[in-house]
Amino acid sequence: MMAVLWSTMLLQMRKSFVRPMFRFCLLANPILNTILLYEMFRNAGEENFMAYVVLGAGLMGLWSCICFSSAGDINRERWSGTLALIFVAPASFPVIILGKIIGNTLLSLLTLVISLVTAVVLYQVPLTLASPLYFLAALVGAVTAFVVISAVIAYLLTLSRKTELYMNCIEIPLILLCGFVFPVTVLPPAVQTLSRAFSPTYAVELLRMAVWGVKDAGLFWQKYLSLAGLTALYAGLSLLLARRIDRRVRISATLEVA
Amino acid sequence: MIRRFFEQAYLYHKGRSAAFHAEEFVLMQLAYPLTSLIFYCLVAAYSFQTANLTSWVVGNAFLLCTHACVFQLGIVFDSDRFYGRLRSVIAAPCAKLPLILSNGVFPTIFAVCASVFGFLIGSLIFGVDFSGVNLGLAALCILGAMISASCFGICLSAIGLMSDSMHLVLNVVSYFLMIFTGAEFPISQLPLAGRIVSQLMPLTKAIAAMNGLFEPGDGAFWTLMAGELATGAVYALLAWGIFRIAERVARRSGKFDLF
């Protein structure tokens, strides 16, 4: 299983990187977002641009990569005529999909680095990471959360003909709801309740807490637990979806959309 | 000829939208851009620490045309190539300017609708007060801006004859519109080179003109609108020029792409 996961990850990274749209999300998007957010935040009175500009631009890039790659990968396999082959391959189909998503997500982490480099090179802004170890722990939690939510979306979009439309439609709403660029407390209370149903909300809060410096370790781990719980819930959902799709495909004897 | 122009415009629209149901079409044309408007207005409210979001509602309502004018119109020739129609378009013994302009008719209509919708929703959510604004001039401003943005989209689509990475080009351009038009932050924040680029972009002058309508006594409206329309005309001519070059190269080299 690990060999399948590893080889799928490497192959997926190479396949994703040759696509112009992925290259935009990976390389151009964090640079442009950093410029845009820096110009918007430069007079905000915020001294540490790491929390909203660098982290915000990097996470927006990361999420775009996920939307335009992981979410549409099953559809891309169908388009290439290889979906049936990987579905019936001796290696498990969910493991192959997981390998693809992990590959994409790990490669997409480059957006955080690009965003950081852009802010330092272009603007020489003060950047501080007050709690690096907590940041590392938060990053691991965030990557896991993004991998799992990508799997759910990928499965949801598997049997749709309009993947491209939905990929576009989920990008900005999640960035807004999960508070990538501003705290979710800015949103109306009813919307905040919705935000709390998305695991990336907690991931972003944890990363931001680590950037500013964790003063209340209890609160950090409490949020971490919420993140872990939601991620586990999403993982269960993606497994359920995988089983339902597998059953539907076996009954209808086709992987094509209706 | 006029009838053929509009028939062609309708056929282009049908080709772009036939795959979608009405609700999906609305989702694509309105819901997604509207979420973007709300998102950037919220970012502005938080970063600029202000409750008066008029200029961001104005800027982002204009940017709602990006989907129709940049992403839809920008891939026209790319799609023509993909569906094997490019050879007929290039080889057809007809004038190419009406053909190019007919592409822009429906995106312009949808862009105007999206913009007006953006103003309405933006004013409802963020409390923008239109009571002191001359609505006739505002409508004229929106129409002029959308014509200019459509001409820009047509020019981008002509660039599709020279590049095989149009998704990359169009996405970068959509960010350029956010950075250089003054929709998200004042142009005066940009360095000199950035301020020059902003004057070459569509929508910059229309956004300034619309913002001026909210400030009584601002007399630059007509100058700015003339500048906006001139910018659009330059992009339309540029598209026509690129297409002529593509035609000539196609006849000489026997292929339809410049890359």
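Residues numbered from 1 in each chain as written. Chains lettered and ligands numbered in written order. Predicted model: local features only at pLDDT ≥ 70, side-chain atom pairs only at ≥ 80, totals over all residues.

**Some points on the overall build of chain A**
When you go through chain A residue by residue, the secondary structure sums to twelve helices and zero strands. In chain A, the succession of α and β elements from N to C terminus is α-α-α-α-α-α-α-α-α-α-α-α. Taken over the C-alpha trace, chain A has a radius of gyration of 19 Å; the compact-globule value for 258 residues is 18 Å, and the two agree within 12%. If you line up chain A on its principal axes, its C-alpha atoms span 60 × 35 × 35 Å. In chain A, buried positions account for 47% of the 258 residues. (Helix = DSSP H or I, 4+ residues; strand = E, 2+ residues; numbered from the N terminus. Rg over C-alpha atoms; globule rule 2.2 N^0.38 Å. Buried ≥ 20, exposed ≤ 12 C-beta atoms within 10 Å, placed from the backbone.)

**Notes on the overall build of chain B**
Per the secondary structure count, chain B includes twelve helices and zero strands. Listing the helices and strands of chain B from first to last along the sequence gives α-α-α-α-α-α-α-α-α-α-α-α. By the compact-globule yardstick of 18 Å for 259 residues, chain B fits well, its C-alpha radius of gyration being 19 Å. For chain B, the C-alpha atoms occupy an extent of roughly 60 × 45 × 35 Å along the three principal directions. The buried share among the 259 residues of chain B stands at 45%. Taking all contacts inside chain B whose residues are at least 6 apart in sequence as the whole, residues at least 24 apart take part in 80%. (Contact = placed C-beta atoms within 7 Å.)

**Regarding the interface of chain B and chain A**
The partner chain A presents 24 residues to the 27 residues of chain B that form the contact. Of all the secondary-structure elements, those providing two or more residues to the side of chain B that touches chain A are α2 (22-47) and α9 (166-180) of chain B. A per-element tally of the side of chain B that touches chain A places α2 of chain B first, with 14 residues. In terms of residue class, the side of chain B that touches chain A is built from 17 nonpolar, eight polar and two charged. (Nonpolar A, V, L, I, M, F, W, Y, C, P; charged D, E, K, R; others polar.)

**Topic: the nonpolar core**
Ranked by internal contacts, the top residues of the largest apolar core, which has 155 residues, are L207 of chain A together with C41, F62 and C65 of chain B. Among the elements that make up this core, the one with the highest residue count is helix α3 (residues 50-68) of chain A (15 residues). The residues contacting C41 of chain B, other than those within four sequence positions of it, are L53, W56, V57, N60, G122 and F126 of chain B. (Core = buried A, V, L, I, M, F, W, Y, C linked by C-beta atoms within 7 Å.)

**A short note on unusual backbone geometry**
Residues and elements named next belong to chain B. In this model, Q49 sits at a positive phi of 50 degrees, which is unusual for a non-glycine residue. Within the secondary structure, Q49 sits in the loop between α2 and α3 (54-63). Positioned with a positive phi, L203 is a non-glycine residue whose angle comes to about 80 degrees.

**Some remarks on helix α7 (residues 96-126) of chain B**
Because an α-helix packs 3.6 residues into every turn, residues spaced three or four apart end up facing the same way. Residue and element names in this part refer to chain B. Counted at 1.5 Å a residue, the expected span for α7 with its 31 residues is 45 Å, and the 44 Å between its end C-alpha atoms agrees. Along α7, the sharpest kink reaches roughly 25 degrees, centred on V105 and followed within four residues by the proline P107. Count one or two residues on from α7 and you reach G127, which has phi positive near 65 degrees. (Expected span 1.5 Å × (residues − 1). Bend = angle between axes of the 7 residues up to and from the residue.)

**Notes on the packing of helix α2 (residues 20-41) of chain A against α9 of chain B**
At a minimum axis separation of 9 Å, α2 of chain A and α9 of chain B run at an interaxial angle of 10 degrees. Relative to α9 of chain B, the element α2 of chain A is oriented roughly parallel. Where α2 of chain A approaches α9 of chain B, its residues P20, M21, R23, F24, A28, L32, I35 and L36 of chain A are matched on the opposing element by H167, L168, N171, V172, Y175, M178 and I179 of chain B. Classifying every residue of the contact of α2 of chain A with α9 of chain B by side-chain character gives twelve nonpolar, two polar and one charged. (Axes fitted to C-alpha atoms, helices over the stretch in contact; angles between N-to-C directions. Parallel < 35°, antiparallel > 145°, perpendicular 65-115°, else oblique.)

**A look at the environment of E46 of chain A**
Topologically, E46 of chain A is positioned in the loop between α2 and α3. Beyond its immediate stretch of four places on either side in the chain, E46 of chain A contacts F41 and Y52 of chain A.

**Concerning the environment of M162 of chain B**
Residue and element names in this part refer to chain B. One can find M162 in the loop between α8 (135-159) and α9. Taking the C-beta count within 10 Å as the criterion, M162 has 16 such neighbours and is therefore assigned partly exposed. Taking the C-alpha atoms as reference, M162 lies 9.9 Å from D78; in sequence the two are 84 residues apart.

**Considering the confidence of the model for chain B**
Residue and element names in this part refer to chain B. Here chain B averages 84 in pLDDT, and 98% of its residues register 70 or above. The least confident element of chain B is helix α6 (residues 86-91), whose mean pLDDT is 76; the most confident is helix α10 (residues 192-200), at 93. If you check the scores for this complex, the pTM reads 0.86 and the ipTM reads 0.87. (pLDDT = per-residue confidence, 0-100.)

**Describing the packing of α2 of chain A against α3 of chain A**
All names here are of chain A. Two numbers describe how α2 lies on α3: the axes approach to 8 Å, and their chain directions differ by 150 degrees. Classified by the interaxial angle, the pair formed by α2 and α3 is roughly antiparallel. Helix-helix and strand crossings are classified by hand; for α2 and α3 the assignment is right-handed. When α2 is examined against α3, the residues M21, F22, C25, L26, N29, P30, N33, T34, L37, Y38 and F41 are found in contact with a partner set consisting of Y52, V53, V54, G56, A57, G58, M60, G61, S64, C65 and F68. Across the contact of α2 with α3, the residue classes tally to 15 nonpolar, seven polar and no charged. (Left-handed = near helix turned anticlockwise from the far one by under 90°.)

**Side note on the confidence of the model for chain A**
It should be kept in mind that the predicted coordinates are not to be read in detail where pLDDT is low. Summing up the model confidence of chain A, the mean pLDDT is 87 and the portion of residues at 70 or higher is 97%. Averaged over each element, pLDDT in chain A is lowest for helix α4 (residues 73-80) of chain A (80) and highest for helix α11 (residues 199-212) of chain A (94).

**Digging into the environment of F93 of chain A**
Residue and element names in this part refer to chain A. As for its position among the elements, F93 is in helix α6 (residues 93-108). The sequence separation of F93 and L83 amounts to ten residues, and the corresponding C-alpha distance is 9.7 Å. If we skip the residues at most four places from it in the chain, F93 touches I86 and F87.

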